[in-house]
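# Architecture and fold: a report
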Amino acid sequence: MTKHPSNWSRRHWLLSAGAWASLCAAPSWAAKPELRIGNTNPYSGPAAAWSSAGKAMAAYFQLLNDQGGIDGHPIRFITLDDAYSPAKTIEATRRLVERDQVQLMFGSLGTVTNLAVQQYLNDRGVPQLFVQSGASRWNNPSQFPWTMGWSPSYFNEGKIYAQAILASPDAHARIAVLYQNDDFGRDYLKGLLAGLGERRNQVVVQAAYEVTDATVDAQLISMKAAGAQVLVNFAAPKFAAQSLRRLAELGWKPTHYLNVTANSIKAVLQVAGLEHAQGVISAAYYKDPSDPRWQNTPELKAYLAFMAKYLPQANVNDVFYVAGYSNAQTLEQVLRQAKGDFSRANLLKQARQLRQVRLPMLLPGVVLNTSETDHAPLEAMQLQRFQGERWELFGPVIGQ
């Protein structure tokens, strides 16, 4: 069982030359060398809804500095805006490694963006830890030993939705799939098809979109025309919100499965209109702050206190903040295990030695485990259905 701090951090953000940079500057008390941590995040562009995670990380590391750092070592967290553009991710990552001389890259967000720098970081022996993406390729220690994911894999999440469909009244229904035309979307699609197995021929439409597209209207119209009774939606937040609105306009009411990366109430469902999200099914691995079941728990109270003090303008119910908060706690565990040896080799070694780690805002039954041959810390999820103004969990925790 890990120990967690009871207080949370302040933040210090800089905006310079059009690039978003968050730095937890070394405090005046610092006597030991600082630990520099690099990160890229889409603070602008089509995936900006996910940027809450980076802001939560910056606040959490400032908390650690407020508490004396890690074994007296202050943290400097430098996060740059890549606008969800692989070219910008490459530029920002090279700057962080070569100019800012970070010891590791941590919690960078996006599948295509992290893919663009994976080989570069592995060639240089720079840890690429706890990537904010569920792509299966982050769990490939034989080929990319310096890379480790954090989120449950999109492939496994796709399989979970397939299992849910086959166990429901829709077991023989016609299925349509909307997905982003990159590794992010294709990983989800592969998992769904693998989970359906011999029933994969029930998928009557596989419709892809490009991240640069304006809408997904044409894809949804084709799905309705094909007579699909189930929609499995593997879209990013912008297009997920569009989908919910467009379904209502089309008068099409399939059973709707929505992936974890796009199930934020604030960033997606409220944008689309909560009335259009009723009955949507998704999955979860961390606690939704709006869920009444957690309201009187010490874990949620600590999280809310953190948000009130250090991110007072933020929406506490935006689950992307929860993701960043929890991911930063994961790295804190690694840093404390390192016992002051922040060499890149030791940071990787400690990241591979997470054993049954429980974090305050993960769902009960969801724990972190890694090893030299397993770079997938989180594997379990639980289904949830949107009712009224919140998600309601149902069924068992799957995949642990």
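The preceding data block contains the structure.
Notes on the structure follow. On a predicted model such as this, the values are computed, not experimentally measured, just so you know.

## Focus: the pairing of strand β12 (residues 281-284)
- Of the two faces of β12, the one lined by Ile-281 and Ala-283 and the one lined by Ser-282 and Ala-284 are each fully buried.
- In this sheet, strand β13 (residues 381-387) lies alongside β12 in antiparallel orientation, the contact comprising four bridges. If you follow Ile-281 over to β13, its bridge partner there is Arg-385.

## Re the pattern of salt bridges
- Applying the stated criterion to the full structure yields 10 salt bridges.
- Residue Glu-98 pairs with Arg-94 through a salt bridge whose shortest N-O separation is 3.3 Å. Residue Glu-98 and its partner Arg-94 are located together in helix α2 (residues 86-99), separated by four residues, close to a single helical turn.
- With relative accessibility at 42%, the residue Glu-98 sits in the partly exposed group.
- Owing to a relative accessible area of 37%, Arg-94 belongs among the partly exposed residues under this scheme.
- Here the residues in one salt-bridge network are Glu-34, Arg-36 and Arg-76, joined through shared partners.

## A word on the packing of aromatic side chains
- One pass over the full model with this rule turns up 19 aromatic pairs.
- Aromatic side chains Tyr-161 and Tyr-257 sit 5.9 Å apart centroid to centroid with 50° between the ring planes, which places their arrangement in the tilted category. Pair noted here: Tyr-161 is in helix α4 (residues 154-166) and Tyr-257 is in strand β11 (residues 255-258), with a separation of 96 residues, a long-range link.
- Look at Tyr-257 and you get buried, because its relative accessible area is 3%.
- Among the aromatic residues, those joined into a cluster by ring pairs are Trp-50, Tyr-84, Tyr-154, Tyr-161, Phe-184, Tyr-188, Phe-234 and Tyr-257.
- Against the face of Trp-294 rests Lys-287, its NZ or CZ located 5.0 Å from the ring centre.
- The lysine or arginine in question, Arg-385, covers the ring of Phe-394, its NZ or CZ lying 4.4 Å from the ring centre.

## Examining empty space enclosed by the protein
- Per the counting criterion, the structure on display carries three cavities of 30 Å³ or more.
- A volume near 240 Å³ is recorded for the largest cavity.
- Along the walls of the largest cavity sit 22 residues, with Gln-132, Ser-151, Tyr-154, Thr-261 and Tyr-285 positioned nearest its centre.
- Elements with a contribution of two residues or more to the lining of the largest cavity: α4, α5 (183-196) and α10 (319-338).
- Of the residues belonging to the lining of the largest cavity, the class tally is 15 nonpolar, six polar and one charged.
- In this model, the second largest cavity occupies a volume close to 80 Å³.
- As for the second largest cavity, its lining consists of Val-260, Asn-263, Ala-283, Ala-284, Tyr-285, Tyr-286, Lys-287, Asp-288, Val-319, Gln-384 and Trp-391.
- The residue makeup of the lining of the second largest cavity, split by class, is seven nonpolar, two polar and two charged.

## Examining helix α3 (residues 111-123)
- Counted at 1.5 Å a residue, the expected span for α3 with its 13 residues is 18 Å, and the 19 Å between its end C-alpha atoms agrees.
- Burial in α3 covers these residues: Thr-111, Val-112, Thr-113, Asn-114, Val-117, Gln-118, Tyr-120, Leu-121 and Asn-122.
- Residues of α3 that are buried make contact with α2, β5 (104-106), β6 (128-131), β7 (147-149), α4 and α5.
- Looking at the residues trailing α3, positive phi occurs at Gly-125, about 65°.

## Comments concerning the side chain of Ser-51
- As for its placement among the helices and strands, Ser-51 is situated in the loop between β3 (35-41) and α1 (52-66).
- Note on Ser-51: relative accessible area 5%, which makes it buried.
- For Ser-51, the side chain forms a polar contact with the main-chain oxygen of Ala-48, separated by 2.8 Å.
- With near-sequence residues (within four places) excluded, Ser-51 lies in contact with Asn-41, Pro-42 and Tyr-43.

About the criteria used
Residues numbered from 1 in each chain as written. Predicted model: local features only at pLDDT ≥ 70, side-chain atom pairs only at ≥ 80, totals over all residues. Heavy atoms only, no water. Buried < 20%, exposed > 50% of the residue type's maximum accessible area, 1.4 Å probe, protein only. Helix = DSSP H or I, 4+ residues; strand = E, 2+ residues; numbered from the N terminus. Pairing = 2+ DSSP bridges. Salt bridge = Lys/Arg side-chain N within 4 Å of Asp/Glu carboxyl O. Phe/Tyr/Trp six-rings, centres within 6.5 Å; stacked < 30°, edge-to-face > 60°. Lys NZ or Arg CZ within 6 Å of the ring centre and 35° of its normal. 1 Å grid on protein atoms, 1.4 Å probe; cavity = no way out; pocket = protein on both sides within 12 Å on 5 of 7 lines; lining within 4 Å. Points joined across faces, edges and corners; volume = space filled by probe spheres on them. Nonpolar A, V, L, I, M, F, W, Y, C, P; charged D, E, K, R; others polar. Expected span 1.5 Å × (residues − 1). Contact = heavy atoms within 4.5 Å. Polar contact = N/O pair within 3.5 Å; in protein donor to acceptor, adjacent residues only side chain to side chain.

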